[in-house]
Structures are given as C-alpha cells and as structure tokens.
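Residue strings, one per chain:
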Amino acid sequence: MLEIKYIRNNLPVVEKCLGERNVDIDLDALLSADEKRRTVIRELENLRHQRNTVSDEIAALKKAGKNADEKVADMRTVSARIKTLDPERIQYENEIRTILMEIPNIPHETVPAGNDESDNTVVKKVGEPPVFDFSPLAHWDTGKALGILDFDRAARITGARFPLYFGAGARLERALINFMLDIHTRDHGYKEVLPPFIVNRDSLTHTGQLPKFSEDLFKLEGWDYYLVPTAEVPVTNIHHSETIPEKDLPVLYTAYTPCFRSEAGSYGKDTRGLIRQHQFNKVELVQFVKPETSYQQLELLLGHAETILKKLELPYQVITLCTGDLGFSAAKTYDIEVWMPAQDTYREISSCSNFESFQARRGNIRFKRAKEKGTELVHTLNGSGLAVGRTVAAILENYQQSDGSVLIPTALQPYMDNLERITR
C-alpha cells in the first residue's frame, strides 16, 4: 500500500504509474477525502486544546470559590462538537483506505514500459532446448501413457483442473519438493517453515490479494478463512505487526505448500495438463530485508530459483515484466520460463518480485536500526523456488525418449532411490 502523504507529494509519479499499469483510480476522490480528513483533524486538535484549557480554567475557578457555570457550558459545547467530528474523521479515513487498497505499487525505474506480456524483456537464455529425432509428446500424453498422470479420474473425484498422480509420478512430485527445500536450506541459507494452509482475511490483505483479487481465491463457507493461493501469504505474515532487529536481517524463509486458485478470467486457457491447475504444489522463497539492499537481494533470489533449473538441466529464459504486466503489489518482477518442447515455447515456472515497502506497510512489518530512534518498514521479496507441477511437466517433456520412457535428471535420482528412468 502506498502512503497517502507520498501520493499527495508525488501526484505526477502516481498518475504516470497508473497510466503505465492500465489502472483507473479516482485520485481526485482520494485527495478530496484526504483534505477533508486533515481539515477535521485540525479542528479536532484545536477543540481538544480548547477543552483542556477550559478544564484548567474551571478547576482554577472552583479552587478560588468562583462560579464556573459559563465555562462548564463552553466545555459541553466543545465536547459535543468533538463527538460530531470524530465519526466524520473515521468516515474519511475509511474512504481513503478503501481507495489506497486499490492502488498498485510504483514500478521501479528499471522496469520497462509496456502494455502487456508482449512487451516483456528477455534478460537471458540458459541451456539449449533438446533436439528430438521424433515428435515430442505433451506432458499430459506422456504422463497418461506411463500411467503416472490421470486427469479423467481427477475430474470425477473433484472437477476440471485438478491433478491425480500415480506411482513414479507421485514420487517425482514428492522428490522435487524435497530436492528444492534441501537446496534452498542447505545451499542458500533459508530457514524452512511449514505454515498453515488456511489464512484469514487480514493476511491476504497484507500481501495484496485482498480486496482486489477476491475472485481468484477459494473461501471456506461459513468462515472468514481462505485456502492459501501461495505460501507467500502465510510466510510473509509471520512477522506482521512485528519489529525485527536490524541484526536479524535479512530473514530468509522457504516453505512448501499446496496452492489453491480459482484461475478466474483464465477459462479456456491452458486447460490441459499441469500448467494451470486449481490445486498445485509450490516451494516458495520469502525475504525480509533492509531497503538499501532489496534490489541486490532480488538478484540473489532470482539466482536461487535459477539454481534449481540448472541442477535439473532444464533450459529456461529470464524475462523482466513490463509495467503493464507487473503484479499489483510488485515494484519489479523477473519471471523464469522453462522450455516446453511439445508446445515449442517457454512457460512461466517462477516469479521473483521485490515489493519494496508495499506489503510491509499493509502488514506493519518494521525493523529497528541499532543505535537509532524509531523504526522503518522492511522490504519484502518473494519468488517461486519452484512451482512443482510445472517442473514435473518440464521433466516429462524435456527428458522423454523415443520408446516413451522418461529419464530422471541426474541431480534428482538420489531422491528417487536412484531410479534412472520412468517406464511404461
């Protein structure tokens, strides 16, 4: 969330941001409510000062044995006016907060301008796409032929866009989760956490999913609880309303959770396979850092996610999202896209974002510098390290063989009891 003072003092910057993000916000209504709120606050401050002064005068008159009825009447009038103004102040503050919750973060100066994903910038490509002497199958066909993926039975159990794994497929998913967590904790210095898979409204508001994106969430009937859309939500909220000592920064967490998304607005898109499911597994990376280090940390975070693909020897590319494709809460985002041979394209497998103080302001997450007064908002970052189902899909497509089998990446074989190949 942006600070109202920042918007007031940097209106051209905010207007430019909204234009680049293709977002329409009534800033006039926001600034009008802000001006009315400040007018009310000034009057309240004057009236409270007046009430304190009159109270002292009443006490002095009574102490001197004089009549204080006129002063008492004045104080009653002042108190009545204060009672009238307080609800007005609250009303304006609610109006301001409602509008602020709809305003996206300001893009970092290095984010390229653009309207949509077609304007994203490729930063680099890593690895060479495999060359086959046969027509590569899509992962859903390979998984079905090997008996390790069954979307038809999953649809009968629940509905469309839910996966059902069998045998080596289920084992591959589990192996990837453990492999990713081990790399991030052992090699990258993250602390593993296992958070709740259900979160409340406040947690989703702090990270920016609510109120704007409620249609993307699964809400529990009869409860003000939601299934987690990503581990970013519970893990970022570990420190909400807390002050972290400077010596403890950066704080690095990694977590596995299942993720649940309604995928509102994506009907008819990626309906086959593991790319866009209502339920999927993901290993997440979350960082709490000092503001002056956050963009250095973003590069490190990106590298941590890339490491998984490098160790699995999967070809990928990194892109920088343009202003028109940037997520609501993010100031800058890198997407990592893995090569999918059957689709002859790169597909997103991780997003790594710096939110600067946007989430921290919503969740009141602060830090205290040593030997300095007051506190500051931390910067929060997060990235997928990686989306597990999409990694399974990438392995099934990139490692498929002409006989229909699929090789297991060398780095993953110890997690599969040294299984080298999935066969029919």
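In this text the structure is predicted, and so the values were computed from the model without any measurement.

Here is what the cut-offs are and how they apply
- Residues numbered from 1 in each chain as written.
- Predicted model: local features only at pLDDT ≥ 70, side-chain atom pairs only at ≥ 80, totals over all residues.
- Heavy atoms only, no water.
- 1 Å grid on protein atoms, 1.4 Å probe; cavity = no way out; pocket = protein on both sides within 12 Å on 5 of 7 lines; lining within 4 Å.
- Points joined across faces, edges and corners; volume = space filled by probe spheres on them.
- Helix = DSSP H or I, 4+ residues; strand = E, 2+ residues; numbered from the N terminus.
- Nonpolar A, V, L, I, M, F, W, Y, C, P; charged D, E, K, R; others polar.
- Patch = residues over 30% accessible without salt bridge, like charges linked within 9 Å, V, L, I, M, F, W, Y side chains within 5 Å.
- Areas by Shrake-Rupley, 256 points an atom, 1.4 Å probe, with all protein chains shown as cover.
- Salt bridge = Lys/Arg side-chain N within 4 Å of Asp/Glu carboxyl O.
- Core = buried A, V, L, I, M, F, W, Y, C linked by side-chain atoms within 4.5 Å.
- Buried < 20%, exposed > 50% of the residue type's maximum accessible area, 1.4 Å probe, protein only.
- Contact = heavy atoms within 4.5 Å.
- Polar contact = N/O pair within 3.5 Å; in protein donor to acceptor, adjacent residues only side chain to side chain.

Asks: Provide a residue-level description of the layout of surface pockets, including the pertinent values.
Replies: Empty space within the second largest pocket amounts to approximately 280 Å³. Lining the second largest pocket we find 17 residues, and of these Trp140, Asp150, Phe151, Asp152 and Arg272 sit closest to its centre. Counting only elements with at least two residues in the lining of the second largest pocket, the list comes to helix 5 (139-146) and helix 6 (151-157). Residue contributions to the lining of the second largest pocket peak at four residues, all from helix 6. Of the residues assigned to the lining of the second largest pocket, the class counts are seven nonpolar, four polar and six charged.

Asks: How would you summarise a nonpolar patch on the surface if you had to cite specific residues and measurements?
Replies: On the surface, a cluster of nonpolar side chains totalling about 520 Å² of accessible area is made up of Leu194, Phe197, Ile198, Trp223 and Tyr225. Among the structural elements, Leu194 can be located in the loop between strand 2 (191-193) and strand 3 (198-200).

Asks: Account for the nonpolar core, naming residues and giving values.
Replies: Counting residues in each nonpolar core, the largest one holds 49 residues, and the members touching the most others are Leu176 and Leu412. Contributing elements (two or more residues each) for this core: helix 7 (167-187), strand 7 (279-289), helix 10 (294-312), strand 8 (316-320), strand 9 (332-340), strand 10 (345-354), strand 13 (379-387) and helix 12 (388-398). Tallying contributions element by element places helix 7 first for this core, with eight residues. Apart from residues lying up to four places away in sequence, Leu412 is in contact with Leu172, Ala175, Leu176, Phe179, Leu312 and Ile395. Of all hydrophobic cores here, the second largest spans 19 residues; its members include Leu27, Ile99, Ile103 and Phe358.

Asks: Could you give an account of the side chain of Gln277, naming the residues involved and the relevant values?
Replies: By the secondary structure assignment, Gln277 is in the loop between strand 6 (251-260) and strand 7. Looking at Gln277, its side chain comes within polar contact range of the main-chain nitrogen of Phe162, at 3.2 Å. In this structure the side chain of Gln277 is engaged in a polar contact, spanning 2.6 Å, whose partner is the backbone oxygen of Gly273. Those residues in contact with Gln277 that sit more than four places away from it in its chain are Phe151, Arg161, Phe162, Pro163, Arg261 and Glu263.

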